[in-house]
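Results of the structural survey
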Amino acid sequence: MDLQLNFNRLERIYDNLSLCGTNQMLITDANAIFYLTGCMLYCGSRFMALFIRRGRQPVLFLNRLYSEPDIKGVELAGFSDTDDITILVSSYIAKNQPLGIDRRMPAGYLIDLQRLGAAESYLNTSYGVEQVRSQKDEKEQQLMKAASAINDLAMERFKKLIGPGITEKEVAAHIEPIYRSLGADGVSFQPIVSFGANASDPHHKPDYTVLKEGDCVLFDVGCRKDYYCSDMTRTFFYKKVSPEAKKIYEIVKQANLAAEEIIRPGKSFCEVDYAARNLIEKAGYGENFTHRLGHSIGIEVHEPGDVNPANHTMLKAGNIFSCEPGIYLKGRLGVRIEDLILVTENGMERLNNYPKDLEIIG
């Protein structure tokens, strides 16, 4: 596959760096480097970075232990374990200007650059990259839709795993193979499979709990396809559903729909959160909704840009995030319904289409 620097994305990042007071940045986040170059690199604990400086060719610093990618528009600066990487990096930096760094920059290397006087000062310019990444372009939107389409098909198969005597762990063991059989590259995070009272823990890890009649069955699952992630939660009931559980399910579903109803450019993340949270609070379960409404997603399953009461950032076309209200009754049950939402020019588009009506299985 031919690799080429994405100049459009790079120019948008440069514009954001200018607002921060610099025109140069050292990017150490592998996902951000992939976003700009199309090359995903895993270097473990060894240093890797993409240095960008307006008016100059970007430079990729990469240990020679790894295969050297040929990326059009990028200079490759190779080094060995025996080299002083900070001296090499500093030789490219404009010393009389601030240097932007990202939140993934290892402290040890940053301190060494500071000791060398590599730049006038140092700025956390992560936001300058993250803001650009948060608005998915058409190609990214199509990749996200493809990953979510697989998730829809997979959920139908996961549901069929549920039966007498099965444990959460046994169900969870089938999830990645099912994804791969449908064309995914793997899971986007470790799947959550929760039966009954275990679903009252939003981040429960599947264990040896055996399914019982009347249990809620919560799947919080996602796959990765061509480096982009999907994420979806559905809650079913095995054999029967109690009146209380049915009531809670309907409240969560209405909260999910209420939030999605207002999503469009010009609304804020906190307004979307409030639409769901207010409905749950009015129903008397406010203290049982214990987490943010959602998170941004793309190359990473959790990207900056939370849907929470404190985030007053305005929605923009191209944003993709989860909408996942839940109610959790400790030691009894939990219900969560999660969709991925794309903000469009005039409203929103739901990326996953698996039904949300209450369903009894088994």
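One structure accompanies this document, and this report is about it. (Residues numbered from 1 in each chain as written. Predicted model: local features only at pLDDT ≥ 70, side-chain atom pairs only at ≥ 80, totals over all residues. Heavy atoms only, no water.)

Paired through their backbone hydrogen bonds, the strands of a sheet run either parallel or antiparallel. Reading across from one edge, S10-S11-S14-S22 is the order of the four strands in this open sheet, with mixed pairing throughout. Each edge of the sheet is formed by a strand with only one pairing partner; in this case those strands are strand S10 (192-195) and strand S22 (360-361). (Pairing = 2+ DSSP bridges. Helix = DSSP H or I, 4+ residues; strand = E, 2+ residues; numbered from the N terminus.)

Moving on, we come to the environment of Asp-29. Within the secondary structure, Asp-29 is located in the loop between strand S2 (24-27) and helix H2 (30-37). The buried category is assigned to Asp-29, whose relative accessible area is 9%. Taking the C-alpha atoms as reference points, Asp-29 and Ala-49, separated by 20 residues in sequence, lie 7.5 Å from one another. (Buried < 20%, exposed > 50% of the residue type's maximum accessible area, 1.4 Å probe, protein only.)

Bringing the packing of H2 against helix H5 (residues 126-134) into the picture now. At a minimum axis separation of 11 Å, H2 and H5 run at an interaxial angle of 55 degrees. Here H2 is positioned oblique relative to H5, judged by the angle of their axes. Every pair of crossing elements has a handedness; the one defined by H2 and H5 is left-handed. Of the residues in H5, those in contact with Asn-31, Ala-32 and Tyr-35 of H2 are Val-129, Val-132 and Arg-133. Looking at side-chain class alone, the contact of H2 with H5 contains four nonpolar, one polar and one charged residues. (Axes fitted to C-alpha atoms, helices over the stretch in contact; angles between N-to-C directions. Parallel < 35°, antiparallel > 145°, perpendicular 65-115°, else oblique. Left-handed = near helix turned anticlockwise from the far one by under 90°. Contact = heavy atoms within 4.5 Å. Nonpolar A, V, L, I, M, F, W, Y, C, P; charged D, E, K, R; others polar.)

Before going further, it helps to spend a moment on the sheet that holds strand S3 (residues 49-53). The strand order S6-S4-S3-S2-S7-S8 describes an open sheet built from six strands, whose pairing is mixed. The open sheet terminates on both sides in strands that have one partner only, identified here as strand S6 (75-79) and strand S8 (121-124). Here the strands of the sheet are splayed against their neighbours by 25 degrees on average, with no regard to which way each runs. Of the pairings in the sheet, the one linking S2 to S3 comprises four bridges and is antiparallel in character. In the sheet register, Leu-26 faces S3, and the bridge partner there is Phe-51. Sheet strands in contact with helix H1 (residues 7-20) are S2, S3 and S8, and its direction is about 70 degrees off that of S3.

This paragraph deals with the packing of aromatic side chains. Each aromatic ring pair is summarised here by two numbers: the centre-to-centre distance and the angle between the ring planes. On inspection of all chains with the given rule, the structure shows nine aromatic pairs. Plain terms: the ring middles of Phe-219 and Phe-236 are 6.2 Å apart, the flat faces sit at 70 degrees to each other, and that makes the pair edge-to-face. Of this pair, Phe-219 sits in strand S11 (residues 216-221) while Phe-236 sits in strand S14 (residues 232-238); the two residues are 17 residues apart in sequence, bridging distant segments of the chain. Phe-236 carries the same exposure label as Phe-219, and that label is buried. The ring of Tyr-208 has Lys-169 lying over it, and the distance from NZ or CZ to the ring centre is 5.5 Å. (Phe/Tyr/Trp six-rings, centres within 6.5 Å; stacked < 30°, edge-to-face > 60°. Lys NZ or Arg CZ within 6 Å of the ring centre and 35° of its normal.)

Right, let's get into H2. Among the eight residues in H2, seven count as buried, and that is most of the element. Structurally, the start of H2 carries an N-cap: the backbone nitrogen of Asn-31 is 2.9 Å from a side-chain oxygen of Asp-29. Looking one or two places after H2, you find Gly-38, whose phi comes out positive at around 80 degrees. (Polar contact = N/O pair within 3.5 Å; in protein donor to acceptor, adjacent residues only side chain to side chain.)

Relative to the helices and strands, Arg-277 is located in helix H9 (residues 269-282). Residue class for Arg-277 comes out buried when judged on its relative accessible area of 15%. Setting aside its immediate chain neighbours within four residues, Arg-277 contacts Phe-289, His-291, Arg-292, Leu-293 and Pro-309.

A few words now on the pattern of salt bridges. Tallied over the full model, the rule gives 33 salt bridges. We note a salt bridge from Asp-83 to Arg-64, for which the minimum N-O separation is 3.8 Å. One end of the pair, Asp-83, is in the loop between S6 and helix H3 (85-90); the other, Arg-64, is in the loop between strand S4 (59-63) and strand S5 (71-72), with 19 residues separating them in the sequence. Of the charged contacts in the structure, one is a salt bridge between Glu-303 and Arg-133, with a shortest N-O distance of 3.0 Å. (Salt bridge = Lys/Arg side-chain N within 4 Å of Asp/Glu carboxyl O.)

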